[in-house]
Structures are given as C-alpha cells and as structure tokens.
Amino acid sequence: QQEAVDHKDGPCFVLAGPGAGKTAVLTRRTAKLVSSGVAPERILLLTFTRLAAKEMLERAKAINPQWEDVDGGTFHSLATRIVNQNNHLFGKTKPFTILDVEDNQTIVKQLTNEVRGHSSEEDWPSPSAIQRVISFSTNTRMSIAEAIFSVTPNYVHLTNKIELIRDKYFDYKIERGLLDYDDCLEYFSALLGNEEIAPAIRAKWDYILVDEYQDRYKLQLDA
C-alpha cells in the first residue's frame, strides 16, 4: 500500500480484494500528490457508483479541507458533464436530459407496442429484456443479432423487429435531447475520438485515480 501511495508518475495498478484498503490507498495517494505540489484541480478521482464516488471525495477532503478542488465522480457523471460542455458538437443548444432506468423501460415499452402492433407472434421478450439487448449491444459493440443470442437467444427470430425498436429508440432520444447511461459513455467516447476536442479534455488532469476499475465492456474501455 505504501508503495502505491508513494508512486508518482506513470501507471500503477493495485489488485486487492474487498476491504483491503484500495480506496484508502487512492485517497492517501491524492494527499501525497497534493503535498508534493500537484494542484488539486489537476487530480481526478473516479469510481463506478455515486456512493463510492462521494465517499472517496469526502475522504480526500477530510484529510485537508483545502483540497475542495479535487475533481471526481462516477464514470457516467464525468461523461455527462463533458458531453454537455460540448453539446454544440452534437447539434444541441441546451444540455441533454439524462434518462434513468425506469424512463428507458417506459420508452422501450411504448416503442415495442408500436412495432409489435397486432402481430400474431405472441411470444415476445418483455420490454425490459429488449432494453437489456439494446444496452448489451451498445456496450459490447455487438450487433443486435449477436446481443439477442447472448441475452435472450429464444428470440433471435425477432432480430429485425428488435433492430427497428433500437432505431426508433435512438431517434426518440435524439429528437428530444435525451441520453441514457449508455449514451453518456457513447458520446464521451466520440468526443475522445475527436482530434480537435480530445486534447483539451485530456489536458484537464495530470493524474487520474480510478477506484474499482471495471473493464467488462468495450464501450467502457473506449471511454
């Protein structure tokens, strides 16, 4: 732990189980960086849940209240902030509104009913299952057909219709300035691929500390 705390430049990876003190290492490393002259606003603390992000930032600030400027949050909150700071690049003049999971499922249910109509095919996946397929496709960069096979293989015969629901869902969000959590990462990834914008985004921080890094999906890796 001490070796990780004292590490200054270049990548450092800490592998440890629950309760081993990973978060403490990151907050103490933050303290070490600031005490060595690194400006707090040049440090970014990231984690995957709001509770963990809040706890990590509070721990860092508790060590020294002057470190109020240490940046941080969840991957999705950071992505949303950066996307909305550059929303003009997506043709928007107002900030995007972020949908929660319940909103997503309500919209997908409505669109599923539109596509299904009076179809004689009675055996359909639930709207929540269709939402999982769309999300899995986005996160893994798989086609809808591949995602259906992975998530709910009994419905591969509905691939074309679920693709249509996916397209309608995309259009619905674009027309109304909405993003779901997957979109936050998708749009952020697009910004990081923009040669004009990406350097300015990356230049915001000199040190990025990530708690409980999860690399389950390609989209998360890209972002």
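Above this text sits the structure in question.
Residues numbered from 1 in each chain as written. Predicted model: local features only at pLDDT ≥ 70, side-chain atom pairs only at ≥ 80, totals over all residues. Heavy atoms only, no water.

Q: Can you help me understand the pattern of salt bridges in this one?
A: Oppositely charged side chains can form a pair if their charged atoms are brought close together. Evaluated as defined, the whole model comprises eight salt bridges. We note a salt bridge from Glu-175 to Arg-176, for which the minimum N-O separation is 3.4 Å. One network of salt bridges, in which partners are shared, links Lys-173, Asp-180 and Asp-183. (Salt bridge = Lys/Arg side-chain N within 4 Å of Asp/Glu carboxyl O.)

Q: Would you mind showing me how to read the packing of helix α5 (residues 101-116) against helix α6 (residues 127-140) here?
A: Geometrically, a packed helix pair is captured by the angle between its two axes and the distance between the axes. At a closest axis distance of 9 Å, the pairing of α5 and α6 adopts a crossing angle of 105°. Judged by the angle between their axes, α5 and α6 are roughly perpendicular. Residues Asn-104, Gln-105, Val-108, Lys-109 and Thr-112 of α5 touch α6, and the partners they reach there are Pro-127, Ser-128, Ile-130 and Gln-131. For the contact of α5 with α6, the residue count by class is three nonpolar, five polar and one charged. (Axes fitted to C-alpha atoms, helices over the stretch in contact; angles between N-to-C directions. Helix = DSSP H or I, 4+ residues; strand = E, 2+ residues; numbered from the N terminus. Parallel < 35°, antiparallel > 145°, perpendicular 65-115°, else oblique. Contact = heavy atoms within 4.5 Å. Nonpolar A, V, L, I, M, F, W, Y, C, P; charged D, E, K, R; others polar.)

Q: Which parts of the structure should I look at to understand the packing of helix α4 (residues 75-85) against helix α9 (residues 181-192)?
A: Close contact between α4 and α9 brings their axes to 8 Å; oriented N to C, the two are set at 55°. On the basis of the axis angle, α4 is oblique to α9. Crossing angle aside, the handedness with which α4 passes α9 is left-handed. For the pair formed by α4 and α9, the contact residues are Phe-75, His-76, Leu-78, Ala-79, Thr-80, Ile-82 and Val-83 on the first element and Tyr-181, Cys-184, Leu-185, Tyr-187, Phe-188 and Leu-191 on the second. Classifying every residue of the contact of α4 with α9 gives eleven nonpolar, two polar and no charged. (Left-handed = near helix turned anticlockwise from the far one by under 90°.)

Q: In this structure, what is going on with the side chain of Thr-152? I would like to understand it.
A: With respect to the secondary-structure elements, Thr-152 resides in the loop between α7 (144-151) and α8 (159-176). With sequence-adjacent residues up to four places away left out, Thr-152 is seen in contact with Val-133 and Ala-147.

Q: For this particular structure, what's the right way to read the nonpolar core?
A: Side chains that are nonpolar tend, in soluble globular proteins, to be buried together. Core analysis: the biggest nonpolar cluster contains 20 residues, and Leu-78, Ile-82, Val-83, Phe-188 and Ile-201 have the highest contact counts within it. Where this core is concerned, the elements lending two or more residues are β1 (43-47), α4 and α9. Looking at this core element by element, the count peaks at six residues for α9. In this structure, Val-83 is in contact with Phe-90, Phe-96, Leu-179, Cys-184, Tyr-187, Phe-188 and Leu-191, ignoring residues within four places of it in sequence. Ranked by size, the runner-up nonpolar core spans 19 residues in total, among them Tyr-155, Leu-158, Ile-162 and Ile-165. (Core = buried A, V, L, I, M, F, W, Y, C linked by side-chain atoms within 4.5 Å. Buried < 20%, exposed > 50% of the residue type's maximum accessible area, 1.4 Å probe, protein only.)

Q: Can you walk me through α5 in this structure?
A: Structurally, the α-helix is built with 3.6 residues per turn, so residues lying three or four positions apart point the same way. Helix length check: α5, at 16 residues, gives a terminal C-alpha distance of 22 Å against a target of 22 Å (1.5 Å per residue), a fit within 8%. Considered for burial, the residues of α5 that qualify are Asn-104, Ile-107, Val-108, Leu-111, Thr-112 and Val-115. Each buried residue of α5 lies within a common arc of 140° when the element is viewed along its axis, so the set occupies one face. In α5, the exposed positions angled more than 90 degrees off the buried face are occupied by Glu-102 and Thr-106. For α5, the capping residue at the N-terminal end is Asp-100, with a side-chain oxygen 3.2 Å from the backbone nitrogen of Glu-102. Downstream of α5 by one or two residues, Gly-117 has phi in the positive range, about 55°. (Expected span 1.5 Å × (residues − 1). Arc of directions from axis to C-beta. Polar contact = N/O pair within 3.5 Å; in protein donor to acceptor, adjacent residues only side chain to side chain.)

Q: Before we go on, may I ask you to explain the side chain of Thr-30 in this structure?
A: Note that Thr-30 resides in helix α2 (residues 22-35). In this structure the side chain of Thr-30 is engaged in a polar contact, spanning 2.8 Å, whose partner is the backbone oxygen of Leu-26. Setting aside residues up to four positions removed in sequence, Thr-30 forms contacts with Ile-43, Leu-45, Ala-60, Val-70 and Leu-209.

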